[in-house]
Amino acid sequence: MSTEDKANEVSAGDRDRHSATPPTDPGTQDPASGAGGTITLFFIIGLVASLVLGWVIFPQLLYSKKEQPVDFNHALHNELVEDSCESCHFFREDGTFSGVPKLAQCIDCHEEVNGEDPEEEKFVTQYVAKGREVPWLVYARQPDCVFFSHIAHVKMGEMDCVTCHGHIGESESLKVYEENRITGYSRDIWGKNIAGIKWNSWDRMKMDDCADCHKKNNVNLNSVQTHRGGCFVCHH
Ligand code: HEC
Ligand code: HEC
Ligand code: HEC
Ligand code: HEC
Ligand code: HEC
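All values derive from a computational prediction rather than experimental measurement.

A. Looking closely at the site of ligand 3. Within the structure, ligand 3 sits among 19 residues, and H89, G99, A140, C161 and C164 are positioned closest to it. Here the shell around ligand 3 gets four residues from one element, more than from any other, and that element is helix 7 (residues 161–165). Its residues assigned to classes, the shell around ligand 3 comprises 11 nonpolar, seven polar and one charged.

B. Molecular detail of the confidence of the model for the protein chain. Overall, the prediction assigns the protein chain a mean pLDDT of 85, with 82% of residues at 70 or greater. In the model, residues 1–24 has pLDDT below 50 throughout and makes one contact with residues more than four positions away in sequence or in other chains.

C. Spotlight on the environment of T183. One can find T183 in the loop between strand 2 (177–180) and helix 8 (187–190). Along the backbone, T183 and P143 are 40 residues apart, and their C-alpha atoms lie at a distance of 9.0 Å.

D. Highlighting helix 2 (residues 35–62). Relative to the 40 Å expected for 28 residues at 1.5 Å per residue, helix 2 spans 38 Å between its end C-alpha atoms, a close match to the ideal helical length. At L53, helix 2 is deflected by roughly 35°, the largest bend along its length.

Rules used throughout
- Here the residue numbers are simple positions, counted from 1 along each chain's written sequence.
- Written order determines the labels here, with chains lettered from A and ligands numbered from 1.
- In view of the model being predicted, local features appear only for residues whose pLDDT reaches at least 70, and side-chain atom pairs are presented and counted only at 80 or more, with totals across whole chains, interfaces and linings using the full set of residues.
- To decide whether a residue is near a molecule or strand, its C-beta atom is placed from the backbone and checked for lying within 6 Å of it.
- A helix here means a DSSP run of H or I that spans at least four residues, while a strand means a run of E at least two residues long, and both kinds are numbered starting from the N terminus.
- Side-chain classes follow a simple rule in which Ala, Val, Leu, Ile, Met, Phe, Trp, Tyr, Cys and Pro form the nonpolar group, Asp, Glu, Lys and Arg form the charged group, and the remainder, Gly included, forms the polar group.
- Values of pLDDT, the confidence the predictor places in each residue, fall between 0 and 100.
- Any residue pair is listed as a contact if its two C-beta atoms, each placed from the backbone, are within 7 Å.
- One less than the number of residues in a helix, times 1.5 Å, gives the span that helix is expected to have.
- Given a residue, its bend is the angle between the two axes fitted to the seven residues that end at it and to the seven that start from it.

So this is what it looks like as structure tokens:
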């Protein structure tokens, strides 16, 4: 018996069951819910459909999800290293920030596979053994035209990493990276909340978010000891 026959049989069974209820006559509907009710109904359906499209489907289409090449457990490593975050994210002597760690910072402990974790095995066989840097996806990465300095914020401004990055540094697993298909930026720049509500200081990092915090802290970028001014304080 083909699947089509089976389907016919099922729908025949359905028909039998439904024939027990009397057929509904559209004419016998409650007069109170006439044309007005139908219009309201269509209005609500249309509204719900556009809300779903704008709030659920569009953001899903706009962002493509990418897994990190290797998962990384911050909580585990923070216990193993000596200088906490600075073991991997530090300032060089010239004041520049090291950013995402290089393979050289991992090799002392990962020349060989230490344990059973499949992520460690992947890291050692695919990257350490081949001398290949891990192409980490940077959640906070700004467009190339933006100039940002960690030392100004972390040392001079005495700000905590959490203020701008949230709790990535204490996490057990790296979250999925979401890339905006139009701009190519990380979703962390525009944020998750499309209504624009910001619950935490790290929810979003658009131009206005930089500027809002500067205003709150009375940072006068024009008085900053640089030869750049106005827009060029933050733009190359
Ligand atoms: C053993 C090394 C190591 C230590 C120690 C470490 N990190 Fe990391 N961290 C990494 C690696 C590897 C990544 C790369 C993942 C990525 O691209 O986000 C990363 C990424 C990050 C990021 C995300 C950057 C971005 O936007 O993608 C933040 C924020 C961060 N670390 C903060 C911290 C803080 C805070 C601490 C201390 C509490 C810390 N890290 C300790 C290795 C380390
Ligand atoms: C101080 C030593 C030390 C350093 C430095 C270190 N690791 Fe580890 N790492 C370990 C140990 C120990 C484990 C646990 C292995 C096990 O028992 O599964 C581990 C586990 C891992 C794992 C598997 C668990 C997880 O995090 O998902 C990955 C991947 C990893 N390390 C990557 C890195 C990378 C990348 C760096 C450099 C940025 C690094 N490690 C630096 C000691 C270290
Ligand atoms: C005032 C906000 C702010 C603070 C505070 C801050 N960061 Fe960042 N961080 C950023 C921004 C913005 C970027 C993206 C810079 C870019 O793309 O040019 C970034 C990028 C990074 C990166 C990725 C760098 C790369 O290689 O591209 C790491 C890792 C990182 N931050 C870790 C930290 C750690 C660790 C701390 C605390 C010691 C910290 N940040 C404090 C805003 C901040
Ligand atoms: C949570 C608050 C906060 C956020 C968010 C923030 N900043 Fe700042 N920024 C500061 C403070 C405070 C200073 C002044 C630090 C000092 O010199 O004491 C500063 C200083 C600066 C300076 C001057 C650095 C110099 O040359 O001395 C630049 C440039 C700058 N910020 C760019 C940015 C950009 C770009 C962003 C967004 C990607 C940003 N900031 C986000 C608080 C913030
Ligand atoms: C406090 C730092 C800061 C200052 C000052 C600033 N910008 Fe920006 N600007 C940013 C950041 C961060 C972004 C990227 C995030 C975004 O698109 O909001 C950006 C993005 C832009 C973009 C979009 C570029 C792109 O690739 O999407 C334009 C255009 C721009 N800025 C123009 C200006 C002009 C013009 C001024 C001066 C009136 C200015 N900015 C001053 C931080 C700043």
